[in-house]
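Reading the structure
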Amino acid sequence: MPLIGYARVSTEDQTPLPQSEALQTAGCVEIHEEHASGGNRARPVLARVLERISKGDTLVVVRIDRLARSLSHLLEVIERLEAKGAFFRSIQDPIDTGSPQGKFTLQVLGAAAEFERALIRERTKAGLASARTKGRVGGNPGLRARDPAALRKVRLARQDGYMERLNETAQDWVPHVRRLRPDMAWEDVLRIINGPLPYDRHWTQSRLLRAVKAYVRDGFLPNEVLGRAGRRETDDRLPAIVAGIKGADPDITLQAICDRLESMRERTPRGRASWQPSSVRMLLERAEKLGLLKCAQ
């Protein structure tokens, strides 16, 4: 199984060479290096690696902190890998999701994270109850008085918080929206976005539209992506979807596209649930004739 290495350092003054050498010694066939803060979840190199990794591959790091600085982020990345049938391994930590021991360690970490969240909830509830018994009322006095300045401050804080949450998932949907809209209808873009994601991270169309509008408003996406999609012939829909998947990962194999289409519950041109590489090849050829692959170049 191919081993894919990921090395990260925080600043340009640091060098990822020691990590790369350790990854090479571990047998990694390709190594990706990145200069970025560990607290930043929207790392372009990591996003590209997670998008292109295939079934049976193993993502390898020297230490866990090179991949994630929080347990929630680590579990999120591993869930994405598992959804693709891929694995994760840390050289200096006892985690290898391809082994029973590694899976057990991961389960323990997940249980610890849930226990920590439960403790925080209980402490918060206890603190609020104690404050109420002492006559203290929670909340912002300015909000209770409907002060315009306080209301505006809260509105901006909520907007900032929403944009921060969007930035954490931007690698899942922004490249697809930028590349496929407005040539493809929103429902088909949504199916391509949700294809590689675990079910609990699936987008709804209304949630996706809200996110896109926020990114357009702040200049992160061009206004054209909100344009009305042109009418497409029924026979052109499947070639467009296959072209969209191919555009997201030009090196993706025909079998991997078959797996993606099946996970999207797309039917073959003959109405079957199981896809064959020959059918995908035929659709790619049709997509090329229709000029649908130009946006993937």
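A brief look at the structure comes next. (Residues numbered from 1 in each chain as written. Predicted model: local features only at pLDDT ≥ 70, side-chain atom pairs only at ≥ 80, totals over all residues. Heavy atoms only, no water.)

This paragraph deals with the packing of helix 9 (residues 237-248) against helix 11 (residues 277-289). Direction vectors running N to C along helix 9 and helix 11 enclose 95°, while the axes themselves pass 8 Å from each other. It follows from the interaxial angle that helix 9 and helix 11 lie roughly perpendicular. For the pair helix 9 and helix 11, contact is made by Leu238, Pro239, Val242, Ala243 and Lys246 and by Val280, Leu283, Leu284, Arg286 and Ala287, respectively. A breakdown of the residues in the contact of helix 9 with helix 11 according to their chemical character gives 8 nonpolar, no polar and 2 charged. (Axes fitted to C-alpha atoms, helices over the stretch in contact; angles between N-to-C directions. Helix = DSSP H or I, 4+ residues; strand = E, 2+ residues; numbered from the N terminus. Parallel < 35°, antiparallel > 145°, perpendicular 65-115°, else oblique. Contact = heavy atoms within 4.5 Å. Nonpolar A, V, L, I, M, F, W, Y, C, P; charged D, E, K, R; others polar.)

This paragraph deals with the packing of aromatic side chains. Across all of its chains, the model carries 3 aromatic pairs by this definition. With a centroid separation of 5.6 Å and 55° between ring planes, the pair formed by Trp173 and Trp203 is classed as tilted. Taken as a pair, Trp173 in helix 6 (residues 148-180) and Trp203 in the loop between helix 7 (186-194) and helix 8 (205-217) lie far apart in primary sequence, 30 residues in all. By relative accessible area, Trp173 is classed as buried at 0%. When its relative accessible area of 5% is taken as the criterion, Trp203 is described as buried. Aromatic ring contacts, followed pair by pair, group Trp173, Trp203, Tyr215 and Phe220 into a single cluster. The cationic tip of Arg207 hangs over the ring face of Trp203; the distance from NZ or CZ to the ring centre is 3.9 Å. The ring of Tyr162 carries the charged tip of Arg210 above its face, separated from the ring centre by 3.9 Å. (Phe/Tyr/Trp six-rings, centres within 6.5 Å; stacked < 30°, edge-to-face > 60°. Buried < 20%, exposed > 50% of the residue type's maximum accessible area, 1.4 Å probe, protein only. Lys NZ or Arg CZ within 6 Å of the ring centre and 35° of its normal.)

Among the secondary structure elements, Lys246 is positioned in helix 9. Among the residues examined, Lys246 registers a relative accessible area of 24% and is labelled partly exposed. When the C-alpha positions of Lys246 and Leu284 are compared, they lie 8.5 Å apart, and in sequence the two are 38 residues distant. Residue contacts for Lys246: discarding those within four places in its chain leaves Ile252, Leu284 and Leu293. Polar side-chain contacts of Lys246 include one of 2.9 Å to the backbone oxygen of Pro250. (Polar contact = N/O pair within 3.5 Å; in protein donor to acceptor, adjacent residues only side chain to side chain.)

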